[in-house]
Structure formats: structure tokens, C-alpha cells
Amino acid sequence: MELDEEVVLFPVSAALVNNGQAWQARMRGWVFRPEVDRKSRKLALATFGKLLRVDPTGQERRIFASRAGGFLVETERGRKLQVRAGMRTVALNPSSSKGAFTGTLRVSVEDAHLLSPLGNGFQIRVVTAPGDRRVFEGTVHLVAPQGVSVITDIDDTIKISEVRRQRELIENIFLRPYRHVSGMPDLYRRWEASGAAFHYVSASPTQLYDSIARFLKREKFPAGSVHLRQIHSGGRGILKLLTDPSQMKQRAIETLLRRFPARTFVL
């Protein structure tokens, strides 16, 4: 990868395959070039604010700049990245026009045990160019063939978004600190303590992943795979925020059901 590119690896779940001899995960990520010129970024933020019809003030400016930044990048098409898990390196599929990429990672049960002595998951990282000290990491969660899995939405399930009120939705996404739905962090942690695995399926765009990940960590929600909507950056993409997300969610849920056919699911 180039020195001016950045990569996000989304948390994924791995299932046992090959008669229980290996763990297999479907990698998902996003590669892009951020806008680094301060004047160009300032102009782009102002234009983006006009598109959303928001005029941030005070603390809102910092929040808006952080969350809008992902929509102001240049996505990288055709990038061929590699990820490393321990000593194993895997080539991923070329990225799409949205900068999205996928790939299959398979690790033997023995190697996975070395990477994850507790058997709950391990870290992977993107292979960068020689001399590039940056680290782009992701998490692979090991999900046993049997057990309970919770498939949960994010907006208005664990995070207050007000998706049915367009103006409130936009302001909650781009201007306000994220707030959890009362009682949900404690409830999910109790389920996690009982052995449940978690899968977060949301129509929120990949451009908001960093903000969502910080929210999940801050509120101490259980770690799990995260499935977000892939949309184009810029003006074209932002219009997708207000479209019907049901098809995207259904595809993600059906994939999880197929990969773990013996598990019990709570939606």
C-alpha cells in the first residue's frame, strides 16, 4: 500500500471449517486517501455541511469534522492488500470503486490457539511497505459452531439516533455525542457473561466506523463482528443515509445464519 493511503479492517467472525481443523473468516475492509491539505479540507467540510443543511458551532465543529472526514476521502479502486495473522500472510481481493475489499483468511486450529490462547479471537494487521511504521489492525472473533449469537442493530437499539426524524437523525449522526440507549450496555454484558457472541448489523455507513467503534468501546458493549453499509464517499453517498436499509441488513443476517447453522440466534 502507498504511504498516503489508510486502511480500516472491520471486526469479523470466524467459523470452524474442514471438519473442525481450521478457522475461516471473511475479511472486510476499506482503503482510501484522506484529504490532508488544510485549506481543501476546510472547504470540503463547509460544502458538506451545506449539503446536510447543518451549521455546527462550538463543540459541534470538532464532532462534525471528525465524523464528516470519512466522506471527504478519495477511495482507492483496485488496491491489492495483504493481511498477516501471526506468521501467515494472505492476499485479499482488489478493492472496489467504493474502496471496499474482501478476502478469505484460514488459520489452523493449532495456529489460532497460539494467536488466541483463550480461544476468543486474535488480531491481524495490514502488510505495509518497508519503512512504513503505521499499524492498521483488525480483530477476528472465533465463534464456536454451537451457542447463542445476538444479532443487533445499532441505531435506536443501542445508540439513540431517531432514524424516523430526518433532521434529528442528521444532527445525532454528525453534531452530537453518541448516547447509549438506557440499560443496553448492562444487558448486553450480562448476555456476554452467559456466553453469547455478538454481531452488530447496521445501515450506518463504513465512513462512520471509527466513531461507532469508539462508542462501543466507551460504553463497554461486548466486542463482536461489525457489518456496516458500503456507500460512496462525498455527496453521492450521503444521500444513501436516508434510503431503505432492509436489503443490506437482510444479506448480512442471512450470511451469518448460513455460516453458523447450529447456533441459536437472538435478533
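Check the entry above for the structure.
Per chain, the residues get numbers from 1 upward, laid out in the order the sequence is written. Under the rules for a predicted model, residues below a pLDDT of 70 receive no local features and side-chain atom pairs below 80 are neither given nor counted, while totals for whole chains, interfaces and linings still include all residues. The side-chain values count all of the structure's non-hydrogen atoms but skip hydrogen atoms and water molecules.

(A) Structural view of the packing of helix 1 (residues 38-52) against helix 2 (residues 59-68). The contact between helix 1 and helix 2 brings their axes to 11 Å, and the two run at 95°. With respect to helix 2, the axis of helix 1 lies roughly perpendicular. Every residue of helix 2 that contacts helix 1 at Arg41, Leu45, Phe48, Gly49 and Leu52 is listed here: Phe64, Ala65 and Ala68. Residues are grouped as follows: nonpolar covers Ala, Val, Leu, Ile, Met, Phe, Trp, Tyr, Cys and Pro; charged covers Asp, Glu, Lys and Arg; every other residue, Gly included, is treated as polar. When its residues are assigned to classes, the contact of helix 1 with helix 2 shows six nonpolar, one polar and one charged. With axes taken as lines fitted to C-alpha atoms, and helix axes fitted only over the stretch in contact, angles between N-to-C directions fall between 0 and 180 degrees. We count a stretch as a helix when DSSP gives it H or I for four or more residues in a row; a strand needs E for two or more, and each element gets its number in order from the N terminus. Throughout, the term roughly parallel applies to angles under 35 degrees, roughly antiparallel to angles over 145, roughly perpendicular to angles from 65 to 115, and oblique to all others. Working rule for contacts: check all heavy atoms of both residues, and any pair within 4.5 Å makes them a contact.

(B) Spatial organisation of the pattern of salt bridges. Just to be clear on terms, a salt bridge is a Lys or Arg side-chain nitrogen sitting within 4 Å of an Asp or Glu carboxyl oxygen. If you walk through the whole model with that rule in mind, you get 14 salt bridges. With its nearest N and O atoms 3.7 Å apart, the salt bridge here joins Arg79 to Glu2. Here the residue Arg79 occupies a position in the loop between strand 4 (74-75) and strand 5 (82-85), and Glu2 occupies one in the segment before strand 1 (6-9), the gap between them amounting to 77 residues. Only protein chains enter the accessibility calculation, which uses a 1.4 Å probe; a residue whose area is less than 20% of its type maximum is buried, one above 50% is exposed, and one in between is partly exposed. Look at Arg79 and you get partly exposed, because its relative accessible area is 22%. One salt bridge in this structure joins Glu5 and Arg33, with 3.6 Å as the shortest N-O distance. You can see Glu5 sitting in the segment before strand 1 and its partner Arg33 sitting in strand 3 (residues 22-33), a full 28 residues away along the chain. Linked by salt bridges that have partners in common, Glu2, Asp4, Glu5, Arg33, Glu76 and Arg79 make up one network.

(C) Examining the sheet that holds strand 12 (residues 225-229) more closely. Only when DSSP finds a minimum of two bridges between them are two strands counted as paired. Reading across the sheet, the four strands line up as 12-11-10-13 and stay open at both edges, with parallel pairing between neighbours. Lying at the two open borders of the sheet, with one neighbouring strand each, are strand 12 and strand 13 (264-266). On average, adjacent strands in this sheet sit at an angle of 20° to one another, irrespective of strand direction. Pairing of strand 10 (residues 148-152) with strand 11 (residues 197-205) involves four bridges; the strand directions are parallel. Of the residues in strand 11, the one forming a bridge with Thr152 is Tyr200. Strands in contact with helix 5 (residues 184-193) are strand 10 and strand 11; relative to strand 11, the strand with the most contacts, it is inclined by about 140°. Of the strands in this sheet, strand 10, strand 11, strand 12 and strand 13 are in contact with helix 8 (residues 246-259), which crosses strand 11 at around 160°.

(D) Region of the structure containing the packing of aromatic side chains. The rule is short: rings of Phe, Tyr and Trp, with Trp giving its six-membered ring, pair when the centres are within 6.5 Å, and they are stacked under 30 degrees, edge-to-face over 60, tilted in between. As enumerated under the stated definition, the model contains 13 aromatic pairs in all. Taking 6.3 Å as the distance between ring centres and 20° as the angle between the ring planes, the aromatic pair formed by Phe198 and Tyr200 counts as stacked. Residue Phe198 is classed as buried on the basis of its relative accessible area of 3%. Ring pairing ties together the aromatic residues Tyr178, Tyr188, Trp191, Phe198, Tyr200, Phe215 and Phe221, which thus form one cluster. A cation sits over an aromatic face here: Arg67 above Tyr178, 3.7 Å from the ring centre. Note that Lys159 overlies the ring of Tyr178, its terminal NZ or CZ placed 4.3 Å from the centroid. Note on geometry: a ring has a charge over it if NZ (lysine) or CZ (arginine) is within 6 Å of the ring centre and within 35 degrees of the ring normal.

(E) Summary view of unusual backbone geometry. Even without being a glycine, Asn19 presents a positive backbone phi close to 55°. Summarising the element assignment, Asn19 is placed in the loop between strand 2 (12-17) and strand 3. In this structure, Glu162 takes a positive phi of about 60° despite not being glycine. Looking at the element boundaries, Glu162 is found in the loop between strand 10 and helix 4 (166-174).

(F) Just the pairing of strand 11, in detail. Here strand 11 lies mainly inside the structure; nine of its nine residues are buried. By the alternation rule, side chains of strand 11 split into Ala197, His199, Val201, Ala203 and Pro205 and Phe198, Tyr200, Ser202 and Ser204, which are all buried. For a crossover, the right-handed case is the one in which the path from the first strand over the helix to the second runs clockwise, viewed with the strands pointing away from the viewer. Crossover strand 11 to strand 12 through helix 6 (residues 209-218) is right-handed.

None of the figures reported here should be taken as evidence of function without further support.
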